[in-house]
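Examining the three-dimensional arrangement
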Amino acid sequence: MTRKGASNVEDLTMSVNERILRDVHSIYTDPKDGLVTIAKDIGIELIAPRKKINILLIGNHSAGKSSFINWYIEETVQRTGVAIETQGFTLVTSGKKRESLLGNATLHLYPQLKGLSSFQNSLEYLGTEITTSKQKQFSLITFIDTPGLVDGDMKYPFDVNNAILWFGEISDLIFVFFDPIGQALCKRTLNIVEKLNENHGNKINFYLSKSDEAGSDSDRQKVLMQIVQELCKRPGLNKAGFEMLTIYIPTLQEKKTRCVNQIEDVCKQVERTIKQTIQNTLNSLEKDSDLIINRINEKIKLDNKTRSDNLSRSLKSSFFVLSSFILLLSIGIANVPQILLDKYLGNNVASQIKTNIADPYKQFGEFLPNDYRPYFLPILISIALILFFISKLINKKKPTMSKKQLKSLNERREYLQNSIKNKKKKLYDEYLQQSVIDFEHTK
Ligand SMILES: Nc1nc2c(ncn2[C@@H]2O[C@H](COP(=O)(O)OP(=O)(O)OP(=O)(O)O)[C@@H](O)[C@H]2O)c(=O)[nH]1
Ligand SMILES: [Mg+2]
């Protein structure tokens, strides 16, 4: 099968949302015509939008973070159990084949992780699990599974707080899991949540996980109250309308429970975030294109101004060169003996020169006091030289763009104004159409 064929098959199996994000990503990253390259050439740093959203899961040890991921993707990728199962940070993402990557291989796949300093001497604690699952919205998600947080002497072989805060920055959603049995009120979890909340409050969602194990309705209410109270004690977290969904993994439920499982609401939240991300991505595409177009316009305007400045400089400079030249010529001619002029130019021309150049020159010299007359010639030559130097000084031209550069800028502006904007419009229409279809289905 040809590459083209392969990509068509891929297109057919891809969801509209996935394709929109992939297309916009490649509009940015194309090495030749990508927005990142075009912007860089004119001094603007752009970051390509991601093809997937990132969801960071944090919480106490054994709160069910890894189990949630396995449930979502409908595959057992992450180890789960009562022991401290997840020891490092794992990115779980969908791809063409099942693969587990550790350390450097993960950095290779996600070069931006090189900015994360927490794993400098313990890269083996940073891994990626690629699975072929496309369940729910997984093809548009990267889950970041983290080690359970515990209080006390527990030593992590890397800077766990720093790593969580770093991943918080690049995440679109942060799920905080509290479970009813374990250390629901683990201080370390609360501290990190408080810190994350400073800049990413809108991304954070709290869940009472394993809520099937929370006992009776009133027991569960008590646990919920306790957690909410503890969270509200933190000044930054004390916000009105605290929401904490109660969730459990249906297949792991041990006893029958009357507890309402709100796990589907988690999926809906994920879908909302994906939709929002697509809208934001398409809007950024438009905004970034405008930014580049404006910068290109400014550059062309500046170049035109520099060109006209250069022209006026060279006109002024030519005036001084010409003056200098005329002065030197006059000095030369005025000092040629009359006999030679008569002999070589004829009487007529020679007498014209005498009356129009040589005589005024002599009269002009006679204005000078007697003592200065010997310096008349050197003074005139110096003036001519000064005029010449002034012309050189004025004639310092500023660099302008070459015809080729101008042509390429104009072409790029054209490309952004027409191709990219049309493409954005088309993708937006597709997105809206699909949203309408989704809406019809949910009615
Ligand atoms: N009853 C019940 N058990 C669950 C649920 N979710 C997870 N478990 C169990 O809880 C234990 C811990 O789950 P994990 O998914 O490993 O928890 P974790 O948060 O990833 O734990 P660490 O990686 O150690 O931080 C496992 O034995 C799971 O089977 C749930 O919703 N209900
Ligand atoms: Mg785990």
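Since this is a predicted model, take the numbers as computed values, not measurements.

Let us look at the UniProt feature "transmembrane region" (unreviewed entry) in the chain. The UniProt record marks residues 319-341 and 375-394 with the feature "transmembrane region" (unreviewed entry), using the residue numbering of this structure. Secondary structure across residues 319-341 comprises 91% helix and 0% strand; the distance between its end C-alpha atoms is 29 Å. Across residues 375-394, the secondary structure splits into 95% helix and 0% strand, with the terminal C-alpha atoms separated by 28 Å.

The next point concerns the site of ligand 1. Surveying the vicinity of ligand 1 reveals 22 residues, the closest of which are Lys-65, Ser-67, Thr-86, Asp-212 and Ile-249. Leu-252 places a polar main-chain atom, nitrogen or oxygen, 3.2 Å from a nitrogen atom of ligand 1. Surface burial for ligand 1 is 92%, taken as the share of its 650 Å² of free accessible area covered by protein chains. Broken down by class, the residue content of the shell around ligand 1 amounts to seven nonpolar, 10 polar and five charged.

This part takes up the sheet that holds strand β8 (residues 244-246). Here eight strands make up an open sheet; going across it, the order is β3-β4-β2-β5-β1-β6-β7-β8 and the pairing mixed. Where the open sheet ends on each side, the last strands, each with one partner, are β3 (99-102) and β8. Strand-to-strand twist of the sheet, defined as the mean angle between neighbouring strand axes without regard to direction, takes the value 25°. Looking at chain direction, strand β1 (residues 53-59) and strand β5 (residues 141-145) are connected through five bridges and run parallel. Following the sheet pairing, Leu-56 is matched in β5 by Ile-144. Taken strand by strand, helix α4 (residues 65-73) contacts β1, β2 (89-94), β4 (126-131), β5 and β6 (173-178), and its axis lies near 160° from that of β5. The sheet contacts of helix α7 (residues 187-200) involve β1, β6 and β7 (204-208), and relative to β6 the element is tilted by about 155°.

Another point: the packing of α4 against helix α9 (residues 263-335). Contact geometry of α4 with α9 gives a least axis separation of 12 Å together with a crossing angle of 75°. The angle between α4 and α9 falls in the class roughly perpendicular. Between α4, through Phe-68, Trp-71 and Tyr-72, and α9, the contact on the second element is made entirely by Ile-263, Glu-264, Val-266, Cys-267 and Val-270. A breakdown of the residues in the contact of α4 with α9 according to their chemical character gives seven nonpolar, no polar and one charged.

Across soluble globular proteins, you tend to see nonpolar side chains buried next to one another. One finds Phe-68, Tyr-72, Ile-141, Phe-143, Phe-175, Val-270 and Ile-292 to be the most contacted residues of the largest nonpolar core, which totals 53 residues. With 12 residues, α9 is the single largest residue contributor to this core. Contact partners of Phe-68, with chain neighbours within four places excluded, come to Leu-57, Phe-143, Phe-175, Phe-177, Ile-249, Ile-263 and Val-266. Counting 38 residues, the second-largest nonpolar core is a separate cluster that includes Leu-107, Val-160, Val-223 and Leu-237.

On to the pattern of salt bridges, then. The full count for this structure, using the stated rule, is 23 salt bridges. Notably, a salt bridge pairs Asp-217 with Arg-220, separated by 2.9 Å at the nearest N-O pair. With a gap of three residues between them, Asp-217 and Arg-220 both fall in helix α8 (residues 217-233), about one helical turn apart. The exposure class of Asp-217 is partly exposed, given its relative accessible area of 31%. Arg-220 gets classed as buried once you look at its relative accessible area, which sits at 8%. What emerges from the salt-bridge pattern is a single network uniting Arg-19, Arg-22, Asp-23 and Glu-430.

Parameters at a glance
- Residues numbered from 1 in each chain as written.
- Chains lettered and ligands numbered in written order.
- Predicted model: local features only at pLDDT ≥ 70, side-chain atom pairs only at ≥ 80, totals over all residues.
- Heavy atoms only, no water.
- UniProt positions renumbered as here; feature names shortened; annotations may be inferred.
- Helix = DSSP H or I, 4+ residues; strand = E, 2+ residues; numbered from the N terminus.
- Near = heavy atom within 4 Å.
- Polar contact = N/O pair within 3.5 Å; in protein donor to acceptor, adjacent residues only side chain to side chain.
- Areas by Shrake-Rupley, 256 points an atom, 1.4 Å probe, with all protein chains shown as cover.
- Nonpolar A, V, L, I, M, F, W, Y, C, P; charged D, E, K, R; others polar.
- Pairing = 2+ DSSP bridges.
- Axes fitted to C-alpha atoms, helices over the stretch in contact; angles between N-to-C directions.
- Contact = heavy atoms within 4.5 Å.
- Parallel < 35°, antiparallel > 145°, perpendicular 65-115°, else oblique.
- Core = buried A, V, L, I, M, F, W, Y, C linked by side-chain atoms within 4.5 Å.
- Buried < 20%, exposed > 50% of the residue type's maximum accessible area, 1.4 Å probe, protein only.
- Salt bridge = Lys/Arg side-chain N within 4 Å of Asp/Glu carboxyl O.

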